Amino acid sequence: MALDKNLEELVAANVITEETALRISEYYRNKAEQPSNRFAIVLSILGSLLVGLGIVLVVAHNWDDLSPLVKTFFAFLPLVLGQSLCVFTLLKRKDSVAWRESSAAILFFAIAACISLISQIYHISGPLSGFLLTWILLGAPLIYVMRSLITGLLYIAVLTWYACQAGYFEFPEQFPYLYFPLLLVLLPAYADLYRNRHAGAYFGLYNWFIAISLLCVLGAFSTSGNRYEVFFAGYLALCCIYYLIGTNRFFERQPRLANPFIILGVCGILLILYLWSFDFLWGSGLMGDRPGIRFNTGFPYIAGALLLVSVLLFARQLNAKGFNNISPAGLSAVVYVFCVVMFQTVISAGVLLINAWIVFIALYYVRKGSIRHHLGILNLGLVIIALLAVMRFFDDSIPFVWRGIFFLVAGIGFFAGNYVVIRRKKAMALKQTE
Amino acid sequence: MKHLFIIAFIVVALVQWFIPLNMIRRQEAVIEKGKAFKFLTQPVDPIDPLRGRYIFLSFKADNIVLPGRSFERGQQVYATVGNGADGYAVLTGLSEEPPATGNDYLKVNIRYSTYNDSVVYVTLPFEEFYMDESKAPRAETLYRASSTLENKTTYALVKIYRGEAVIRDVYVDNKPIATYLR
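Residue positions are counted from 1 within each chain, in the order its sequence is given. Each chain is given a letter, starting from A, and each ligand a number, starting from 1, according to the order in which they appear as written. Since the coordinates come from a predicted model, pLDDT governs what is reported: local features require at least 70, and pairs of side-chain atoms require 80 or more to be given and counted, while whole-chain, interface and lining totals use all residues.

Colleague: Help me understand the overall build of chain B in this model?
Modeller: Labels follow the DSSP assignment, with helices taken as runs of H or I lasting at least four residues and strands as runs of E lasting at least two, numbered in each case from the N terminus. A count of helical and extended segments in chain B gives 3 helices and 12 strands. Nonlocal contacts in chain B, meaning residues at least 24 apart in sequence, comprise 64% of its contacts between residues at least 6 apart. Contact between two residues is assigned when their C-beta atoms, built from the backbone, lie within 7 Å.

Colleague: Just to check I follow, could you spell out the overall build of chain A for this structure?
Modeller: Counting its regular elements, chain A contains 19 helices and 0 strands. The proportion of buried residues among the 434 residues of chain A is 38%. Within chain A, counting contacts between residues at least 6 apart in sequence, those at least 24 apart form 70% of the total. Working definition of burial: number of other C-beta atoms within 10 Å of the residue's own, with buried at 20 or more, exposed at 12 or fewer, and partly exposed in between, all C-beta atoms being placed from the backbone.

Colleague: Please clarify how the confidence of the model for chain B should be interpreted in this entry.
Modeller: Predicted coordinates in regions of low pLDDT should not be interpreted in detail. Residue and element names in this part refer to chain B. Across chain B, pLDDT averages 83, with 87% of residues at or above 70. Averaged pLDDT values over the elements of chain B bottom out at 64 in strand β2 (residues 47-48) and peak at 93 in strand β5 (residues 76-83). Of the two predicted TM-score estimates for the complex, the pTM is 0.79 and the ipTM is 0.77. The quantity known as pLDDT measures the predictor's confidence residue by residue, on a range of 0 to 100.

Colleague: Hey, could you run me through the sheet that holds strand β6 (residues 89-95) of chain B in this one?
Modeller: Consider a sheet: its strands pair through backbone hydrogen bonds, and that pairing is either parallel or antiparallel. Residues and elements named next belong to chain B. For two strands to count as paired, DSSP must find a minimum of two bridges between them. The antiparallel open sheet is built from 5 strands, whose spatial order is β4-β8-β7-β5-β6. Only two strands of the sheet have a single neighbouring strand rather than two, namely β4 (63-65) and β6. When strand polarity is set aside, the average angle formed by the axes of neighbouring strands in this sheet is 45°. As judged from the 6 bridges shared by β5 and β6, these two strands associate in the antiparallel manner. By the bridge assignment for β6, T80 is matched with G93. The axes are straight lines fitted to the C-alpha atoms, using for helices just the contacting stretch, and the angles between their N-to-C directions are given from 0 to 180°.

Colleague: I tried to follow the interface of chain B and chain A on my own but got confused; where do I start?
Modeller: In many analyses, interface size is given as the accessible surface area lost on bringing the parts together. Residue-level contacts link 35 residues of chain B with 34 residues of chain A. Those elements that provide at least two residues to the side of chain B that touches chain A are α1 (2-33), β3 (52-59), β9 (128-130) and β11 (164-172) of chain B. No other element matches α1(B), which puts 14 residues into the side of chain B that touches chain A. Residues are grouped as follows: nonpolar covers Ala, Val, Leu, Ile, Met, Phe, Trp, Tyr, Cys and Pro; charged covers Asp, Glu, Lys and Arg; every other residue, Gly included, is treated as polar. Here the residues of the side of chain B that touches chain A are counted per class, giving 20 nonpolar, 5 polar and 10 charged.

Colleague: Hey, could you run me through helix α16 (residues 332-342) of chain A in this one?
Modeller: Three- or four-residue spacings in an α-helix give side chains the same orientation, since the helix completes a turn every 3.6 residues. All names here are of chain A. Those residues of α16 that sit buried are S332, A333, V335, Y336, C339 and V340. Projection of α16 onto a plane perpendicular to its axis shows the buried side chains occupying an angular sector of 160°, all on one side. On its buried face, α16 is in contact with α12 (228-246), α14 (260-276), α15 (299-321) and α17 (347-372). Arc definition: it is the arc formed by the directions from the helix axis to the C-beta atoms.

Colleague: I tried to follow the domain arrangement of chain B on my own but got confused; where do I start?
Modeller: Residues and elements named next belong to chain B. Domain borders in the structure are assigned automatically or taken from a domain database. Here chain B is described as being made up of domain 1 (1-33) and domain 2 (34-181). In this assembly, 6 residues from domain 1 lie in contact with 6 residues from domain 2. Looking at side-chain class alone, the side of domain 1 that touches domain 2 contains 3 nonpolar, 1 polar and 2 charged residues.

Colleague: Which parts of the structure should I look at to understand the pairing of strand β10 (residues 154-161) of chain B?
Modeller: For a regular strand, side chains alternate in direction, first toward one face of the sheet and then toward the other. All names here are of chain B. Counting buried positions over the 8 residues of β10 gives 6, a clear majority of the element. Pairing between β10 and β11: 8 bridges, direction antiparallel. Across the sheet, residue Y155 finds its bridge partner in β11, namely Y171. What sits between β10 and β11 in their antiparallel hairpin is a turn of 2 residues, with R162 showing a positive phi close to 45°.

Colleague: Quick question: what am I supposed to make of the environment of V359(A) here?
Modeller: All names here are of chain A. Inspection of the secondary structure assignment puts V359 in helix α17. In sequence terms V359 and G381 are 22 residues apart; their C-alpha atoms lie 8.6 Å from each other. Sequence-distant contacts of V359, that is, excluding residues within four places in its chain, are made with I385 and L388.

Colleague: What exactly am I supposed to notice about unusual backbone geometry here?
Modeller: Most of the time, phi is negative for any residue but glycine, and the peptide bond is trans. All names here are of chain A. Phi at H123 is positive, roughly 50°, even though this residue is not glycine. With respect to the helices and strands, H123 occurs in the loop between α5 (97-121) and α6 (128-139). Of note, R147 is a non-glycine position whose phi angle comes to about 45°, a positive value. Structurally, R147 can be placed in the loop between α7 (141-145) and α8 (149-169). The class for R147 is partly exposed, based on 18 C-beta atoms found within 10 Å.

Colleague: How do you make sense of the packing of α12(A) against α15(A) when you look at a structure like this?
Modeller: How two helices sit against one another is set out by the angle between their axes and by the gap between those axes. All names here are of chain A. Orientation of α12 relative to α15, taken along the N-to-C sense of each, is 30°, at an axis distance of 8 Å. Taken together, the axes of α12 and α15 lie roughly parallel to each other. Of the two elements, α12 crosses α15, and the hand of that crossing is left-handed. Contacts between α12 and α15 involve V230, F231, A233, G234, A237, L238, C240, I241 and L244 on the former and, on the latter, F299, P300, I302, A303, L306, L307, V309, S310, L313, F314 and Q317. Looking at the contact of α12 with α15 residue by residue, the classes come out as 17 nonpolar, 3 polar and no charged. An angle below 35 degrees is treated as roughly parallel, one above 145 as roughly antiparallel, one from 65 to 115 as roughly perpendicular, and anything else as oblique. Take the far helix as your reference; a near helix turned counterclockwise from it by less than a right angle gives a left-handed crossing, and one turned clockwise gives a right-handed crossing.

Colleague: Would you mind showing me how to read the nonpolar core here?
Modeller: The nonpolar side chains of a soluble globular protein tend to be buried, and buried together. As used here, a nonpolar core is made of buried Ala, Val, Leu, Ile, Met, Phe, Trp, Tyr and Cys residues. They are joined through C-beta atoms within 7 Å. Within the largest apolar cluster, 153 residues are counted, with the highest numbers of intra-cluster contacts made by I111(A), L236(A), A237(A), C239(A), Y243(A) and I269(A). Beyond its immediate sequence surroundings of up to four residues, I111(A) is in contact with L79(A), W135(A), L138(A), G139(A) and Q16(B).

Colleague: What is the right way to read the pairing of β5(B) from this model?
Modeller: All names here are of chain B. As paired elements, β5 and strand β7 (residues 105-113) share 5 bridges and run antiparallel to each other. Following the sheet pairing, Q76 is matched in β7 by N109. What sits between the antiparallel neighbours β5 and β6 is a turn of 5 residues, in which G87 has the positive phi angle 90°.

Colleague: Please clarify how the environment of Q83(A) should be interpreted in this entry.
Modeller: Inspection of the secondary structure puts Q83(A) in helix α4 (residues 68-92). C-alpha of Q83(A) to C-alpha of A233(A): the two residues are 150 residues apart in sequence and 46 Å apart in space. Beyond its immediate sequence surroundings of up to four residues, Q83(A) is in contact with L107(A) and A13(B).

If you want it as structure tokens, here you go:
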């Protein structure tokens, strides 16, 4: 507060310009968020989350013995407390991250407590998704008014809950299309983190929350009667997009833990490809006796759009990195769709191509690891092959001899690959010391 | 800048008050102006992670015989309500638009129709009766025992007014369920 007054005085006296004053103010604000304060911020956020959840749980008890008037008073009490804390923060502690985050988080939960207690008093029926939607709509402005990033994370969590509740668990089945525009509400906050604070912990947390949220919600746009080929195509395309985002120049420079896209992308792509490397899912596909794709639901269009985005991202990365430096994993959705469409009647050919594609991805990592002398990447490739070998171990349609040879090659690959890379590393280290 | 945040917060806070107060206003209007109906019930007790424990009520009057009419699953329609010969509520008609006369109708969703479309089942908008978390499981046990062994009547008293409904209480053997549990 004193700093702001001094700066105003200096600007008024024409000692510094308004822009310089803003930069000085920004500098001290950021300085206040340095490590010494971080522990206090984390503790206050945890405390407010616990208090908020506590209020919701106490309210959920349903106090039968209280009169409706008393219950209504208690419904608004947490709201008044939360709002008072926020007003105090805005007036007296607007530069304190701990105050902003804690008061906003408490108010966010107080909103839930208030509307849930009123629902109890009047026995208001209705789907839980409607309740969650009201909650997030009333809580969303706090992200910007209170400049509270933790409220943004809570918002993503409740939004995901809403979409899953509406899409998976409620009757009549409804697609939570509101999820997408409501997710866009976070765009300004995320853009600010991306531009100005991508080195901080919040950026990583937002990436994780958004990535997991999309994975959870995507299936809510599918219906139980739809073709699962389309379902897998949508998820595989989303994982490819994650992978391609995670491997772009900006995210590659981020710490591994702040980059969920690469972790979730690789895991998702491999999981789906491994599943389709067996023949049991191929039984009733596009040309089978099951009905055609249901285009009256949103999922085929969403899957198509995701596939298109994954192809565009792949083309962009190919242009930027060149053919030798781009992982084929990002193209897995296209390969999968090609296999499912083309080899529906020749299942063994489709299965073989999926297996070959997994080996191709693995070999790319083995090659990349050995060129860069990077044991992590090399072993990722070898682990992919080893897991494929383990899965084929259970595949009784392949003769024992072939399975045995596959295992031997995978095992020798582990030894030889690691041995060669370690030797090269040692040789390089020796050269450097000379 | 500081004032902008304060003004924005005041607007947000007012909206945060308006929504719950509006919920109260709508329910109070139904209680004040609505007509009371008795709906025969069959309760079980599930749990809502936020709103607590409630008795889920399934009603005997959740269907109507309408030969030749077809509705979409999940479609929102208006159901007029009347009293049957036994004094308990029954649905007397379904329409896509709110009835032009009378206030005793509900906004309901079509659950399903029977094979020949003659019986249409709907979801009534008052299936949840919130109770103290210690009482709700006992309420269910009591209901099951009383309905199977003693054959006691259970019903919900519901106020209905122009599409909206507020459940006032659930009665077992003509006593409010909370009193009955004591």
